[in-house]
Amino acid sequence: MSQTIPTSLSVVPTRALVDEAFKVVVQNLPPASPVTLHALLYSEDKDYWEAYGHYVSDHRGTVSVAEDMSLGGTYTGKEAMGLLWSMRPEPGSRTGLRLRKREVTSPMLVHINVYSGHITEGFRKQSPLASVLTERWFMAPGVQRIEIKEKGVRGTFFIPPGPGPFPGLLDMWGGGGGLLEYRSALLASRGYASLALEYFSPGELRSEDLQIQYFETAFNIIKDHPQVIPDSVGIFGLSLGTVLAIYLAAVSTKITPRCCVCISGHHLYPAGTALKENPKTEKKRLVAVRYDENNYQISRDVRLPIPTDLSEKVDVRKIKCHMLLVNGDDDQNVPAVEAAEDIAQMMRSGGNLHLLTTLTYPNTGHLIEPPYSPHFRATNFIIPTTKEKVINLWGGQTKPHADAQEDSWRKIFAYLHHHLYSSTTPKAKIPYHKANMSIPPILSVVPTRALVDETFKVVVQNLPPASPVTLHALLYSEDKDYWEAYGHYVSDHRGTVSVAEDMSLGGTYTGKEAMGLLWSMRPEPGSRTGLRLRKREVTSPMLVHISVYSGHITEGFRKQSPLASVLTERWYMAPGVQRIEIKEKGVRGTFFIPPGPGPFPGLLDMWGGGGGLLEYRSALLASHGYASLALEYFSPGELESSDLQMQYFETAFNIIKDHPQVIPDKVGILGLSLGTILAFYLAAESTNIKASIRYNMWALVHLNLLTCHR
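**Q** What exactly am I supposed to notice about the overall build of the protein here?
**A** In terms of helices and strands, the protein carries eleven helices and 36 strands. Within the protein, the fraction of its 710 residues that count as buried is 58%. In the protein, 68% of the contacts between residues at least 6 apart in sequence involve partners at least 24 apart. For the protein, the accessible area works out to roughly 29700 Å², and carbon and sulfur atoms hold 51% of it.

What follows is the structure in structure tokens.
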């Protein structure tokens, strides 16, 4: 594809939780150009995973993944998140792979690339037209991760940010064993204190030694935590974890779960046994297991037909808590759909069917994970009882399975909210500070990680209707000063406040102001005078605490306890931006280069007469596709402005122009205050300068570096 103007690729947001969607847009293509959008991830197991879609640019030279059709690839049609959920191992990879995140305190790094033409392989051997690095997180800012090794229990406890208390969840995975934290980290990011329980780890915890007491102890560790609402604790299970959830709900006399979410499991587990296969089931496995044409093991028939003998299954008629069953009708590992039907029949006969909710998804397999996770139809598996290594067939078709993951996740959270966050106490027309409530408000900020020029959505739920509340933002600066902003709101009839849609009635801003909690920030009362908020260390974010308080208050926020709080990260520097210190040819500064192959337009970025080196604007410009040099030209004690001639700025300009990742005839100047004076001077007097962008002086001039005269 021959073009002098570089392709522009944007992914917003570049940092997000794994269950949040992003928008991928390509611009500056020739009209009707075939291109391939490609996603690449290098896993913790050192394998490459990829997905791709084939597109054709519109008459403007634009492709929007959310709005345009993929004509081929690992997914087709309008699929905003197809670049994630259709991921698969790169051709030539090991067989039977499954993508899982074990180190949840770091993100999954996904490279989004655009290539010329419709290609299907060899992506890493080719140069993309443009590339963006994105971060996909399981753990939101401020979530606490606590290792649990007490009372014989092993696991990791994740606690949401804020004062709490929060509903709790006991999170149990399947028969593969080990400790998996990522779902609990994500649950805590959404307001649930969640314990990821290790209960099947060869060499440390012997499964056959575990009795019901182990799980009861784990449940009580959650219930007794000071940041957990003791009567709002549930159980979340998948596969064997679901078997245990059902067993505990029916059999235990020592714990009372408020509700259970049960994915891809069954109730075919004899009461009174330890956690191991019973001999009868194991004997049947030898004859009932079958294999498909790929020699993948199919295990669902081991427990078919569903037994009628009550001694061979959990007596679900004894269940007294609400239970949500989430199943796929193509589950090849267990007969989850048939088991759900039998559970419903038993509960109907026991008079507790009203406690049961069932979701069944067509063409969906066993491993129903958080949204946008890849579909794993068959993966390596070690049978716990025999230690035999097989490739197990889980089932499902990629597109319907992906749809099921997205839909079920949304409905699971609605279910958890209803049963764990809802109060039975009437709240209508009772001021919050006088209401007798054990259930806290829910405060959400989406996204929690973003560039400083990206907006967020702030919503409060679970308030009594017509309750006065104050939304407050607090930042502790690098200069060790507190900055704050706040708005006064009144909840609607649903007990909800949306900062973007509702009116602030007072505070540092008024009216409908989605971002008022940021742009109206000011130093906290009693601070030093004449302060200015600037970010000097651009490789780390500004941390902004968003909190909600009862009533309309105007001061003393840090001395009061908020109803709920969320920690957000505001970044100047996108993932993948290069930061290069410049000390050459007498020039001092920092050069920021966008992610991807380039080349990119360039900018010489000059601040005002305050002197020193300020990087944050250049970091943000690079985050949006411009190679930008933040120039230090007025630094007392190192660079004396009186000694600087025009040659200093021309040299800096040429450092940008001559860089191999910069388009040499697409370099301009961005100036503020004294930087604007210099921009005018250089544009008028220097023969090297092609364009300038100047503001906060005599005029505001926007010159598009991609279209300006040469």
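**Q** Where do I start with the environment of Cys 262 in this structure?
**A** Its place among the elements puts Cys 262 in strand 15 (residues 259-263). The spacing of Cys 262 and Ile 412 is 150 residues in sequence and 9.9 Å in space, taken between C-alpha atoms. Residues in contact with Cys 262, not counting those within four places in the same chain, are Gly 237, Thr 242, Ala 245, Ile 246, Met 323, Leu 324, Leu 325 and Val 326.

**Q** How should I be thinking about the packing of helix 2 (residues 182-189) against helix 7 (residues 398-421) in this particular structure?
**A** Packed helix pairs are specified by the crossing angle of their axes together with the interaxial distance, meaning the distance between the axes. The interhelical angle for the contact between helix 2 and helix 7, taken along N-to-C directions, is 60°, at an axis separation of 13 Å. Overall, the two elements helix 2 and helix 7 adopt an arrangement that is oblique. Judged by the twist between their axes, the crossing of helix 2 over helix 7 is right-handed. Together, Arg 183, Leu 186 and Leu 187 of helix 2 and Trp 409, Phe 413 and Leu 416 of helix 7 make up the contact between the two elements. Tallied by class, residues from the contact of helix 2 with helix 7 come to five nonpolar, no polar and one charged.

**Q** Hey, could you run me through the nonpolar core in this one?
**A** Side chains of nonpolar character tend, in soluble globular proteins, to be buried together. In terms of nonpolar packing, the biggest core is built from 123 residues, with Leu 37, Ile 112 and Met 172 touching the most fellow members. The next biggest cluster of nonpolar side chains, apart from the first, holds 42 residues, and it includes Leu 463, Met 521, Ile 546 and Met 573.

**Q** Just checking my understanding: could you explain the pattern of salt bridges for this structure?
**A** Side chains that differ in charge, positive against negative, can pair when their charged atoms come close. Tallying each qualifying case throughout the model produces 32 salt bridges. A salt bridge links Glu 135 to Arg 15, with the nearest nitrogen and oxygen atoms 3.2 Å apart. Highlighted residues: Glu 135 in strand 9 (residues 130-137) and Arg 15 in strand 2 (residues 15-17), separated in sequence by 120 residues. Judged by relative accessible area, which is 13%, Glu 135 ranks as buried. The class of Arg 15 is buried, set by a relative accessible area of 5%. Each member of the salt-bridge network shares a partner with another, and the members are Asp 19, Glu 20 and Arg 190.

**Q** Explain the packing of aromatic side chains to me, please; I cannot follow it from the model alone.
**A** To describe a pair of aromatic rings, you give the distance between the ring centres and the angle between the ring planes. Enumeration according to the criterion identifies 22 aromatic pairs in this entry. One Lys or Arg, Arg 617, reaches over the ring of Trp 607 and ends 4.0 Å from the middle of that ring.

**Q** What's the story with the state of the cysteines in this structure? I'm lost.
**A** Here a disulfide denotes a covalent bond joining the sulfur atom of one cysteine to the sulfur atom of another. Within the structure shown, the criterion is met by zero disulfides. No disulfide involves Cys 262; its sulfur sits 5.2 Å from that of Cys 260, the nearest cysteine. You can call Cys 262 buried: its relative accessible area is 0%.

**Q** Mind showing me how you'd approach unusual backbone geometry here?
**A** Most peptide bonds are trans, and most residues other than glycine sit at a negative phi. In this structure, the amide linkage connecting Gly 164 to the following residue, Pro 165, adopts the cis form with an omega of 0°. In the Ramachandran plot, Ser 239 falls in the positive-phi region, its phi being about 60° despite a non-glycine side chain. In this structure, Asn 295 takes a positive phi of about 65° despite not being glycine. Inspection of the secondary structure puts Asn 295 in the loop between strand 16 (290-291) and strand 17 (297-298).

**Q** What am I meant to see in the side chain of Lys 101 here?
**A** When you line up the elements, Lys 101 lands in the loop between strand 7 (88-89) and strand 8 (108-116). Polar contacts involving the side chain of Lys 101 include one to the side chain of Ser 106, which spans 3.1 Å. Ignoring any residue separated from it by four or fewer positions in sequence, one finds Lys 101 in contact with Glu 44, Ser 106, Pro 107, Met 108, Phe 138 and Tyr 182.

**Q** What is the right way to look at the sheet that holds strand 24 (residues 457-461) in this model?
**A** Whether parallel or antiparallel, the strands of a sheet pair through hydrogen bonds between backbone atoms. Strand order in the open sheet formed by three strands is 22-24-27, with antiparallel pairing between adjacent strands. Either end of the sheet is taken by a strand with one partner, and the two such strands are strand 22 (442-446) and strand 27 (497-498).

**Q** Would you explain the sheet that holds strand 10 (residues 144-150) in this entry?
**A** In space, the eight strands of this open sheet follow the order 10-11-13-12-14-15-18-19, with mixed pairing throughout. Both outer strands of the open sheet, strand 10 and strand 19 (356-361), are each paired with one neighbouring strand and no more. The sheet shows a mean angle of 20° between the axes of neighbouring strands, direction not considered. Of the strand pairs in this sheet, strand 10 and strand 11 (residues 153-159) are connected by seven bridges, and their pairing is antiparallel. Paired with Arg 145 across the two strands is Phe 158, which belongs to strand 11.

Cut-offs applied
Residues numbered from 1 in each chain as written. Predicted model: local features only at pLDDT ≥ 70, side-chain atom pairs only at ≥ 80, totals over all residues. Heavy atoms only, no water. Helix = DSSP H or I, 4+ residues; strand = E, 2+ residues; numbered from the N terminus. Buried < 20%, exposed > 50% of the residue type's maximum accessible area, 1.4 Å probe, protein only. Contact = heavy atoms within 4.5 Å. Areas by Shrake-Rupley, 256 points an atom, 1.4 Å probe, with all protein chains shown as cover. Axes fitted to C-alpha atoms, helices over the stretch in contact; angles between N-to-C directions. Parallel < 35°, antiparallel > 145°, perpendicular 65-115°, else oblique. Left-handed = near helix turned anticlockwise from the far one by under 90°. Nonpolar A, V, L, I, M, F, W, Y, C, P; charged D, E, K, R; others polar. Core = buried A, V, L, I, M, F, W, Y, C linked by side-chain atoms within 4.5 Å. Salt bridge = Lys/Arg side-chain N within 4 Å of Asp/Glu carboxyl O. Phe/Tyr/Trp six-rings, centres within 6.5 Å; stacked < 30°, edge-to-face > 60°. Lys NZ or Arg CZ within 6 Å of the ring centre and 35° of its normal. Disulfide = S-S within 2.5 Å. Polar contact = N/O pair within 3.5 Å; in protein donor to acceptor, adjacent residues only side chain to side chain. Pairing = 2+ DSSP bridges.

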